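Structural overview
Okay, here's what each chain looks like letter by letter:
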Amino acid sequence: MRKASYSVARLQNHGYVFILPTLIFFSIFLIYPMVSAFRLSLFEWNLLSPQKFVGLKNLTGMVRDPQVINSYLRTLHFSAISVGAINILAFVFALMFSSRGIRYKNFLQSLIFLPVILSVVAVGVVWEFMYQSTGLIPVLLRSLFGSSPAWLTNTRAAPYAIIITYVWKSVGYYMVIYIAGLMDVPASFYEAARMDGAGFWNQLWYITIPNLRNTFALAIISCIIFTYGQFDIQYVITKGGPAHSTEILSLLIYREAFDLSRFGLSAAISVLFVLTLLVFSVLQLRLFRSGAVGG
Amino acid sequence: MARRVLIAVMALALLATFAAGAAPKEVLFHYHWTETVYDTINENAVKLFEAQNPNVEVKMVLLPDGDRANIIRTVLAANGSIDSFALNNGESAEFLSAGQAVPIIPAAFGKSSIDDVVKMWTPGAIATCGGMWNDQYYGIPFELSNYVGWINIADMKEAGLNPATDKPKTWDQFVTVAQKLVKMQGNTRVRNGFMCNSKQAVFNFLVLTAMMEQLGQDWGSEKGLIASMDNTDALVRGMKTYTDLVTASKVWDPSLDDNDREGFGNNKTGIFLTGGTWYWGVLDTYSVKRKDVEPFAYPRFPGGKDVGGVGYGYCLYVSKLAKDPTLAFRFLDAMASQPNEFIKQGYHQPRVTLSNGKPALNATLAKKYIPYYDQVFGGELEKTAVWLSSTKQNQVQDAVWDAISKVIYQGTSVEDAVAAMQSAVKAIYQ
């Protein structure tokens with residue numbers, strides 16, 4: 001008995017040795033930069049002059065900064081609509097492709113998944129051309145409805161132009177997750193339901209959705225996290241314009257640091273950014289730990 | 001046999017190692033921007049310098065121009081290997097005020113005083129290119145240029161205008177001509193009369209700077225800019241002239257395209273205002289032909305100051321981290337000694353004499369290789385508007401672009417936008 005417990009302790013110690021390389025890697029490339037960013041948020045620094053300690057000035061100042069507030073709200077707006085649209089569309093596509101009647105299933109699935117593997121910059125440039133007043137989308141809309149919004153220069157339309165592009169680019173990835181989830185639902189559940197006279201909607205409501213609880217949690221929370229950290233599509237298509245209407249937090253962090261040389265303020269906004277992401281990450285962890293999902 | 005060959009190769013390798021060890025070369029790291037034509041000329045300058053200085057090896061780090069300043073900033077912050085670098089006049093104030101560059105060392109140019117060094121370039125060139133800070137000289141000019149207007153004369157003829165007589169001389173005429181250059185296909189606009197880059201604050205700021213300086217405001221210095229913020233009438237007039245192009249006369253529809261240089265090259269606009277002599281080469285990469293294009297002097301306000309487009313340029317600097325600043329300046333001198341090669345590509349180096357006293361830029365080459373040099377570029381270069389020299393330059397141009405954006409994208413009145421700009425600029429310098 002004593003010998004066995006001694007071995008377990010030894011084994012546990014060996015476990016630490018095994019995770020050491022990863023721990024070192026994460027400490028250097030993840031934990032240190034995060035701590036360093038928090039430290040930097042307490043300073044004013046343009047990388048050229050000596051750092052000036054300003055305490056919590058950057059952190060407290062940004063709470064009243066209209067640009068930070070605007071970007072935070074823009075990020076929430078972009079994330080909420082994108083996450084909703086992506087997950088609804090992905091789920092609908094997954095349901096479609098799980099049904100037997102659909103033809104050219106593989107081809108259509110590939111078509112929807114294709115944007116996921118395309119370069120974001122290429123996608124951004126092509127969509128930018130399509131949104132310009134002589135581009136495909138306005139020309140099509142004008143011929144169908146007689147008018148089209150100025151997609152990239154109207155402060156109300158531009159955020160939706162970005163959302164459409166982002167949803168188009170991402171939906172295929174989440175569709176695959178939902179298809180995988182649907183394949184896990186035992187066919188016998190549906191057979192039994194059909195024998196009991198349940199139609200499509202009843203099957204969806206009482207079998208599919210409850211059985212996809214884990215999949216929904218995984219897809220929605222990871223979608224929130226990825227969407228919240230989105231940067232490149234906005235950067236390529238609008239650079240945050242017009243009039244900051246598409247300037248999400250990650251873009252503001254970049255602009256404050258590399259356009260305006262305010263690295264301290266940029267780091268402070270990064271802290272806000274990380275704290276918000278942390279909420280969703282903790283939520284995800286708690287959901288899986290509590291057994292509400294994953295059980 | 002194979003063994004002997006192997007031994008011989010190893011012996012040679014050992015010898016080479018010892019030889020290299022015996023005479024270590026001094027390595028200079030120079031950070032510059034990349035541009036196909038430029039690169040070849042610069043590489044030749046490096047080769048020439050290395051041939052004249054066999055103990056020196058130059059490692060030139062070529063960077064995309066848009067990222068150059070930030071990469072240099074990062075290398076300096078990390079105490080990296082950097083002996084010299086290039087900055088434009090919009091960027092230099094921040095670096096020079098932070099003591100990141102070494103003042104010019106006259107001895108490196110074989111001169112005994114800074115005045116003798118300064119005289120090697122055209123009067124005022126160092127200041128215009130951003131190489132001066134607090135009355136001290138830091139940078140040597142590498143390129144000096146100025147924005148002029150560019151107009152598509154084929155479009156003018158199509159609109160019934162005479163390119164010889166109808167190019168706009170005032171801002172009112174500018175609007176009239178630009179309106180005629182707008183082209184529609186049914187309900188769709190396929191060509192703007194005028195456009196500027198609507199994704200980057202700096203170009204709009206520079207065009208507005210020229211307008212403000214024509215209206216008697218000094219937007220070239222911090223003091224002047226701050227003082228100008230109290231002159232609401234002039235600010236409103238300048239801002240209104242610029243934003244009316246979108247909101248009133250509608251000669252500029254930003255939704256058609258966002259890049260003016262590209263847009264002009266592909267005939268999506270009849271006029272743009274942010275090109276220098278170098279644009280001839282850029283134009284060759286687009287569909288519009290040189291024969292269909294002419295440069296013209298910036299329009300003026302009647303009764304306003306005779307000021308043209310913004311003058312700008314690049315200087316070369318020796319880093320405070322340079323191992324041997326005198327040697328680094330000698331290298332920069334070699335880099336900036338190719339004006340006659342650059343002018344053939346449309347790039348203007350304002351160098352009068354070389355360090356050995358020989359004449360530098362051959363003025364006849366400018367006329368030969370740059371179309372309309374005499375008629376437009378040369379004359380306007382003496383009347384350039386001054387680009388703001390300030391450590392807060394980027395913040396100011398952002399505040400100005402925010403004000404412009406408010407009017408053209410959000411429908412804010414010019415007066416309200418100017419009021420917002422006044423408080424923003426004052427806050428920046430508080």
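Residues numbered from 1 in each chain as written. Chains lettered and ligands numbered in written order. Predicted model: local features only at pLDDT ≥ 70, side-chain atom pairs only at ≥ 80, totals over all residues.

1. Considerations on the overall build of chain A
Secondary structure summary: chain A contains 13 helices and 2 strands in total. Taking 2.2 N^0.38 as the reference for a compact globule, 295 residues should give roughly 19 Å; the C-alpha atoms of chain A span a radius of gyration of 24 Å, well beyond that estimate. Each of the three principal axes of chain A carries a C-alpha extent, and together these read 85 × 75 × 30 Å. For chain A, the proportion of its 295 residues judged to be buried stands at 31%. The contacts of chain A with a sequence gap of at least 6 include a subset with a gap of at least 24, amounting to 68%. (Helix = DSSP H or I, 4+ residues; strand = E, 2+ residues; numbered from the N terminus. Rg over C-alpha atoms; globule rule 2.2 N^0.38 Å. Buried ≥ 20, exposed ≤ 12 C-beta atoms within 10 Å, placed from the backbone. Contact = placed C-beta atoms within 7 Å.)

2. Let's talk about the overall build of chain B
In terms of regular secondary structure, chain B is built from 19 helices and 13 strands. Relative to its length of 430 residues, chain B is compact, with a C-alpha radius of gyration of 24 Å against a globular reference of 22 Å. Over its C-alpha atoms, taken along the principal directions, chain B stretches across nearly 85 × 50 × 45 Å. When burial is assessed residue by residue, chain B has 49% of its 430 residues classed as buried. Once local pairs closer than 6 in sequence are excluded, the contacts in chain B between residues at least 24 apart make up 72%.

3. A short note on the confidence of the model for chain B
Per-residue pLDDT for chain B averages 93, and the proportion of residues at 70 or more is 95%. On the interface metric, ipTM, the complex scores 0.86, and its pTM is 0.88. (pLDDT = per-residue confidence, 0-100.)

4. Description of helix α8 (residues 187-195) of chain A
Because an α-helix completes one turn every 3.6 residues, residues spaced three or four positions apart along the sequence face the same direction. With 0 of 9 residues buried, α8(A) is to be regarded as a mostly surface element. Phi turns positive, to about 90°, at Gly197(A), one or two residues after α8(A).

5. Topic: the domain arrangement of chain B
All names here are of chain B. The assigned domain composition of chain B is domain 1 (26-145 + 311-383) and domain 2 (148-308 + 392-428). In this structure, domain 1 and domain 2 have C-alpha centres spaced 30 Å apart. With 15 residues of domain 1 at the contact, the number on the domain 2 side is 15 residues. It is helix α17 (residues 373-381) that provides the largest number of residues to the side of domain 1 that touches domain 2, a total of 3 residues. When grouped by side-chain class, the residues that make up the side of domain 1 that touches domain 2 number 8 nonpolar, 5 polar and 2 charged. (Domains from an automatic or database assignment. Nonpolar A, V, L, I, M, F, W, Y, C, P; charged D, E, K, R; others polar.)

6. Digging into the packing of helix α3 (residues 66-98) of chain A against helix α7 (residues 158-183) of chain A
Packed helices, taken two at a time, are described by their axes: the angle between them and the distance between them. All names here are of chain A. Two elements in contact, α3 and α7, have axes whose closest approach is 6 Å; the angle formed by their N-to-C orientations is 40°. Regarding the angle of α3 to α7, the classification is oblique. Viewed along their axes, α3 and α7 form a crossing whose handedness is right-handed. For the contact of α3 with α7, the residue count by class is 21 nonpolar, 5 polar and 1 charged. (Axes fitted to C-alpha atoms, helices over the stretch in contact; angles between N-to-C directions. Parallel < 35°, antiparallel > 145°, perpendicular 65-115°, else oblique. Left-handed = near helix turned anticlockwise from the far one by under 90°.)

7. What about the packing of α7(A) against helix α10 (residues 213-228) of chain A?
Residues and elements named next belong to chain A. Between α7 and α10, the shortest axis-to-axis distance is 10 Å and the interhelical angle comes to 165°. The orientation of α7 relative to α10 falls into the category roughly antiparallel. Pair α7 / α10 crosses with right-handed handedness. Each of Tyr 174, Ile 177, Tyr 178 and Gly 181 in α7 lies in contact with α10, whose residues at this interface are Thr 215, Leu 218, Ala 219 and Cys 223.

8. Some remarks on the pairing of strand β2 (residues 56-63) of chain B
Residues and elements named next belong to chain B. As judged from the 8 bridges shared by strand β1 (residues 26-33) and β2, these two strands associate in the parallel manner. The partner of His 30 across the bridge, within β2, is Met 60. What joins β1 to β2 is helix α2 (residues 36-52), and the crossover it makes is right-handed. (Pairing = 2+ DSSP bridges. Right-handed = clockwise from strand over helix to strand, strands pointing away.)

9. A closer look at unusual backbone geometry
Residue and element names in this part refer to chain A. Cis rather than trans, the peptide bond between Gly 241 and Pro 242 has omega equal to -10°. As for its placement among the helices and strands, Pro 242 is situated in the loop between α11 (232-237) and α12 (249-259). Of note in this structure, Lys 239 is not a glycine but carries a positive phi near 55°. Its location among the elements puts Lys 239 in the loop between α11 and α12.

10. Focus on the nonpolar core
Residue and element names in this part refer to chain B. By size, the foremost hydrophobic cluster in this structure holds 76 residues, and its most contacted members are Val 207 and Val 400. Counting contributing residues per domain, this core is built from domain 1 (26-145 + 311-383) and domain 2 (148-308 + 392-428), each supplying no fewer than three. If near-sequence neighbours (up to four positions away) are discounted, Val 207 is found in contact with Cys 196, Tyr 242, Leu 273 and Thr 274. Grouped together as the second largest cluster of nonpolar side chains are 48 residues, Phe 29, Trp 133, Val 318 and Leu 327 included. (Core = buried A, V, L, I, M, F, W, Y, C linked by C-beta atoms within 7 Å.)

11. Side note on the interface of chain A and chain B
Contacts between the two partners involve 21 residues from chain A and, on the opposite side, 26 residues from chain B. Mapped by element, the contributors of at least two residues to the side of chain A that touches chain B are α6 (136-145) and α12 of chain A. Here the residues of the side of chain A that touches chain B are counted per class, giving 9 nonpolar, 9 polar and 3 charged.

12. Looking at α7(A)
With 26 residues, α7(A) should cover 38 Å at 1.5 Å per step; its first-to-last C-alpha distance of 38 Å lies within 8% of that length. Of all the bends in α7(A), the greatest, near 40°, is centred on Ser170(A). (Expected span 1.5 Å × (residues − 1). Bend = angle between axes of the 7 residues up to and from the residue.)

13. Thoughts on the sheet that holds strand β8 (residues 183-185) of chain B
Residue and element names in this part refer to chain B. Here 5 strands make up an open sheet; going across it, the order is β8-β9-β10-β7-β11 and the pairing mixed. Looking at the sheet topology across the chains shown, the edges are occupied by β8 and β11 (293-296). Between one strand and the next, the sheet's axes are offset by a mean angle of 25°, whatever the strand orientation. Looking at chain direction, strand β7 (residues 148-152) and strand β10 (residues 269-275) are connected through 3 bridges and run antiparallel. Note on β10: the bridge partner recorded for Ile 151 is Ile 271.

14. Re the environment of Tyr173(A)
For Tyr173(A), the location among the structural elements is in helix α7. Distance in space between the C-alpha atoms of Tyr173(A) and Gly101(A) is 23 Å, their sequence separation being 72 residues.

15. So, the environment of Asp259(A)
Mapped onto the secondary structure, Asp259(A) falls in helix α12. Here the alpha-carbon distance between Asp259(A) and Ile88(A), two residues 171 residues apart in the chain, equals 37 Å.

16. Some thoughts on the pairing of β1(B)
Residue and element names in this part refer to chain B. Of all 8 residues making up β1, 6 are buried, and the element is well covered by its neighbours. Direction of pairing for β1 relative to strand β3 (residues 84-88): parallel, over a ladder of 2 bridges. Its bridge partner lying in β3, Tyr 31 is registered against Phe 85.

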